[in-house]
Amino acid sequence: MLVAINEIQEENLAWLTEKSQGPFSCPECKSEVILRKGKVRAHHFAHKPPINCIYGVGESQKHLIVKRQIYEALLNHPNCSRCQLERRLKGVRPDISLYVGDTRVAIEIQKSPIDIDDIYRRTQRYTELDVYLLWILPDDSPLTFFHKGEETDVHRIKEWEKYLHAIYWGRVYYWQRNALVSPYHFDKFETWVEESNWYSEDGDEMSAGGYYRETKSLKVPSTHNELHIADDFQPITRPQWSAKNWTVPNAKLWIDTSQKWW
Ligand SMILES: [Zn+2]
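Residues numbered from 1 in each chain as written. Predicted model: local features only at pLDDT ≥ 70, side-chain atom pairs only at ≥ 80, totals over all residues. Heavy atoms only, no water.

Caption draft 1: View of the coordination of the zinc ion. Surrounding the zinc ion are the protein donor atoms C26 (SG), C29 (SG), H47 (NE2) and C53 (SG), which sit 2.1 to 2.3 Å from the metal. Relative to the metal, the 4 donor atoms surrounding the zinc ion lie at angles of 104 to 120°, and the coordination shape comes out tetrahedral. If you list the donors of the zinc ion from N- to C-terminus, the spacing comes out as C-x2-C-x17-H-x5-C. Residue C26 is located in the loop between β3 (24–25) and β4 (32–36), and its partner C53 is located in the loop between β5 (44–47) and α1 (61–75); the two are separated by 27 residues in the primary sequence. Pair check on accessibility: C26 and C53 agree, each one buried. (Donors = N, O, S within 2.8 Å, 3.2 Å for Na, K, Ca; no water. Tetrahedral: all angles 85-135°; square planar, octahedral: opposite > 155°, others 65-115°. Helix = DSSP H or I, 4+ residues; strand = E, 2+ residues; numbered from the N terminus. Buried < 20%, exposed > 50% of the residue type's maximum accessible area, 1.4 Å probe, protein only.)

Structure (structure tokens):
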């Protein structure tokens, strides 16, 4: 976590605070937290063991760096106000939250792994709070490998990526730097099944293959321009929607304004 409370209930940002200003406590569970200011690692607060609080747990170094950079980039943006880290809202705690113009926006940076029930619950909760939600993945692009058979780069998609992709109408946002993200669309990936012919025991001529077959776990990513979180996004509300394996709740989303590029 990047924010902790001092003895007079002030919020302290880890990178602007010295150890001598402590002791510090967790805003959620009130137990003592330690300020960690390494030379290499991102400055942050950490619970003392044993840890019985989920707040701040599982945040990677990358997560902390992305959170701070987005926050600092939006803090002084002319169209943004009340930018805050780790704001305590009822039932959720966005990494970054702010107003863009008059619109309340929350940014969740993906902590991997996450189950889709948790994404569902948070999306629903932000919608109830009238906050428009943006999910960001901290990596700069989806991991791909070259598929020799089809001569293309493919990405092995995870369940929660598919789910985010469905929520945001076919795009997932990967962080680049400051308040810039790149949207990625995942196209279906098909492999050619060779045709084969043979004779059955009864002497009938048989054949199989000779068509493309979709491989559901592999996708072909395509990207578009870099987008600024405050300048290139808009609020939309989408109704509840169900597919075979999941339901997307009625959702208020902070989504980019680009036309489909795929
Ligand atoms: Zn805590």
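Resuming the write-up.
Caption draft 2: Broad picture of the nonpolar core. In terms of nonpolar packing, the biggest core is built from 69 residues, with I70, L74, I96, L98, I107 and I229 touching the most fellow members. Structurally, this core is a two-domain feature, drawing no fewer than three residues from each of domain 1 (1–57) and domain 2 (59–262). The residues contacting I107, other than those within four sequence positions of it, are I70, L74, P94, D95, I96, L98, L134, I136 and I229. (Core = buried A, V, L, I, M, F, W, Y, C linked by side-chain atoms within 4.5 Å. Domains from an automatic or database assignment. Contact = heavy atoms within 4.5 Å.)

Caption draft 3: Looking closely at the pairing of β5. Burial along β5 is two-sided: the residues H44 and A46 and F45 and H47 are all buried. Where β4 lies against β5, 4 bridges are found, and the strand directions are antiparallel. When the bridges of β5 are listed, V33 appears paired with H47. (Pairing = 2+ DSSP bridges.)

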